[in-house]
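As a plain string of letters, each chain reads:
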Amino acid sequence: MPWSTPFDDPIGLRGGRKLRTLQEAADFIMQLPEAEQQEARWQTAIEMLINAAETGGGWLMFARIGMLRALSASARRR
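Residues numbered from 1 in each chain as written. Predicted model: local features only at pLDDT ≥ 70, side-chain atom pairs only at ≥ 80, totals over all residues. Heavy atoms only, no water.

Glancing now at the nonpolar core. Phe7, Leu22, Phe28, Ile29, Trp42, Leu49 and Met67 are the most contacted members of the largest nonpolar core, which totals 21 residues. In terms of residue count, helix α3 (residues 40-55) provides more of this core than any other element does, six residues in total. When residues no more than four places from it in sequence are discounted, the contact partners of Leu49 are Trp3, Phe7, Leu22, Ala25, Ala26, Ile29, Ala63 and Met67. (Core = buried A, V, L, I, M, F, W, Y, C linked by side-chain atoms within 4.5 Å. Buried < 20%, exposed > 50% of the residue type's maximum accessible area, 1.4 Å probe, protein only. Helix = DSSP H or I, 4+ residues; strand = E, 2+ residues; numbered from the N terminus. Contact = heavy atoms within 4.5 Å.)

Moving on, we come to the pairing of strand β1 (residues 6-12). Consecutive residues of a regular strand have side chains that alternate between opposite faces of the sheet. With three bridges connecting them, β1 and strand β2 (residues 18-21) associate as antiparallel partners. Among the inter-strand pairings, Pro6 is bridged to a residue of β2, identified as Thr21. Remark: five residues form the turn of the hairpin made by β1 and β2, two consecutive strands paired antiparallel; Gly15 in that turn has positive phi of roughly 85°. (Pairing = 2+ DSSP bridges.)

Before going further, it helps to spend a moment on the packing of aromatic side chains. Per the stated rule, a full pass over the model turns up two aromatic pairs. Taken together, a centroid distance of 6.0 Å and an interplanar angle of 50° make the contact between Phe28 and Trp42 tilted. Taken together, the residues span a long stretch of sequence, with Phe28 in helix α1 (residues 22-30) and Trp42 in helix α3 at a distance of 14 residues. We note that Phe28, like Trp42, is buried. (Phe/Tyr/Trp six-rings, centres within 6.5 Å; stacked < 30°, edge-to-face > 60°.)

Here the structure, examined in full by the defined rule, presents two salt bridges. The closest approach of N and O atoms between Glu36 and Arg41, which form a salt bridge, is 3.6 Å. By relative accessible area, Arg41 is classed as buried at 17%. Here Arg41 ties to Glu39 by a salt bridge, and the two come within 2.5 Å at their closest N and O atoms. Residue Glu39 is classed as partly exposed on the basis of its relative accessible area of 24%. Taken together, the salt bridges that share partners define one network made up of Glu36, Glu39 and Arg41. (Salt bridge = Lys/Arg side-chain N within 4 Å of Asp/Glu carboxyl O.)

Assignment of secondary structure puts Thr5 in the segment before β1. A polar atom in the side chain of Thr5 sits 2.6 Å from the backbone oxygen of Pro2. In contact with Thr5, other than residues within four places in its own chain, are Arg20, Thr21, Leu22 and Leu60. (Polar contact = N/O pair within 3.5 Å; in protein donor to acceptor, adjacent residues only side chain to side chain.)

In structure tokens, the structure reads:
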């Protein structure tokens, strides 16, 4: 499955921006500070994104869920 594969529903971010594809989600994570990227929630999201890109199928849904959970945890910390 290509990295340009869209999520079934875009992932909304603060400010109205949306992550629409696996690549956009991966780019978002890569823009985080290195220390934050290494946190378990983001590592899980990265793993799900990679599995979705390599395998497809249900992994696309898991990748979306992983991103939503990581974003939710980040919002609670602020």
